[in-house]
Amino acid sequence: VQLQASGGGLVQAGGSLRLSCEVSDGTTNDYAVGWFRQAPAKEREFVAAISRGGTIKYYANSAKGRFAISRDYAKSTVHLQMNNLKPEDTAVYYCGARVAVTGVAYTSRNDYTDWGQGTQVTVSS
């Protein structure tokens, strides 16, 4: 599967961005998708995940209450709406995907088999 991440940019603290991850495959709806981020000199960390059916969603503690993950099946796209952004959210954001059964979402980067190229998010103070 091919993943295309987009929507990053430069925003002031308190602002919002919506990231998109387009999943290109003939059976797009068979995939669970997750968002991760990696800041300079840091490990790639989990941000949010959604099951193939969209019923199961997980968030990192840092994202709870500010970020929302959703799926647009018609466009084979998973969105990450990020509100009230903080300087510590600055990172390259990656989306990952893997074939999954219904009702399961994954929070470990090792669970994902395919990755997009990443999109830069920079939050200024």
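What counts and how
Residues numbered from 1 in each chain as written. Predicted model: local features only at pLDDT ≥ 70, side-chain atom pairs only at ≥ 80, totals over all residues. Heavy atoms only, no water. Disulfide = S-S within 2.5 Å. Helix = DSSP H or I, 4+ residues; strand = E, 2+ residues; numbered from the N terminus. Buried < 20%, exposed > 50% of the residue type's maximum accessible area, 1.4 Å probe, protein only. Core = buried A, V, L, I, M, F, W, Y, C linked by side-chain atoms within 4.5 Å. Contact = heavy atoms within 4.5 Å. Pairing = 2+ DSSP bridges. Axes fitted to C-alpha atoms, helices over the stretch in contact; angles between N-to-C directions. Salt bridge = Lys/Arg side-chain N within 4 Å of Asp/Glu carboxyl O.

1. A look at the state of the cysteines
Alright, step 1. Taken as a whole and assessed by the stated rule, the structure comprises 1 disulfide.
Alright, step 2. Here Cys21 pairs with Cys95 through a disulfide, and the sulfurs are 2.2 Å apart. The disulfide joining Cys21 to Cys95 has a torsion of about 75 degrees about its S-S bond and is therefore right-handed. Remark: Cys95 occurs in strand β9 (residues 91-99) and Cys21 occurs in strand β3 (residues 17-24); sequence separation between them is 74 residues. One exposure class covers both Cys21 and Cys95, and it is buried.

2. Notes on the nonpolar core
Alright, step 1. Of all hydrophobic cores here, the largest spans 26 residues; its most connected members are Trp35, Val47, Phe67, Leu80, Met82 and Tyr93.
Alright, step 2. Looking at this core, the elements that each hand over two or more residues are β1 (2-6), β3, β4 (31-38), β5 (45-50), β7 (67-72), β8 (77-82), β9 and β11 (119-124).
Alright, step 3. Each residue touching Tyr93, except ones within four places of it in the same chain, is listed here: Leu19, Trp35, Phe36, Arg37, Val47, Phe67, Leu80, Met82, Gly118, Thr119 and Val121.
Alright, step 4. Among the nonpolar cores identified, the runner-up in size contains 9 residues, and Ala32, Phe46, Ala49 and Ala60 belong to it.

3. A word on the pairing of β11
Alright, step 1. Of the two faces of β11, only the one carrying Thr119, Val121 and Val123 is buried; Gln120, Thr122 and Ser124 on the other face are not.
Alright, step 2. Relative to β11, strand β2 (residues 9-12) runs parallel, the two sharing 4 bridges. The residue of β11 that forms the bridge with Gly9 is Val121.
Alright, step 3. Note: β9 against β11, 3 bridges, orientation antiparallel. Counted as the bridge partner of Val92 is Gln120 from β11.

4. Points about the sheet that holds β8
Alright, step 1. Ordered by their spatial adjacency, 4 strands build an open sheet running β1-β3-β8-β7, and the pairing between neighbours is antiparallel. Lying at the two open borders of the sheet, with one neighbouring strand each, are β1 and β7. Adjacent strand axes in the sheet meet at a mean angle of 15 degrees, parallel and antiparallel pairs treated alike.
Alright, step 2. As judged from the 5 bridges shared by β1 and β3, these two strands associate in the antiparallel manner. Residue pairing across strands places Gln4 opposite Glu22, the latter belonging to β3.

5. Focus on the pattern of salt bridges
Pairing between side chains of opposite charge can happen when the charged atoms of each approach one another.
Alright, step 1. Counting across every chain of the model gives 5 salt bridges.
Alright, step 2. One salt bridge in this structure joins Arg37 and Glu45, with 2.6 Å as the shortest N-O distance.
Alright, step 3. Among the residues examined, Arg37 registers a relative accessible area of 6% and is labelled buried.
Alright, step 4. Residue Glu45 is classed as partly exposed on the basis of its relative accessible area of 37%.

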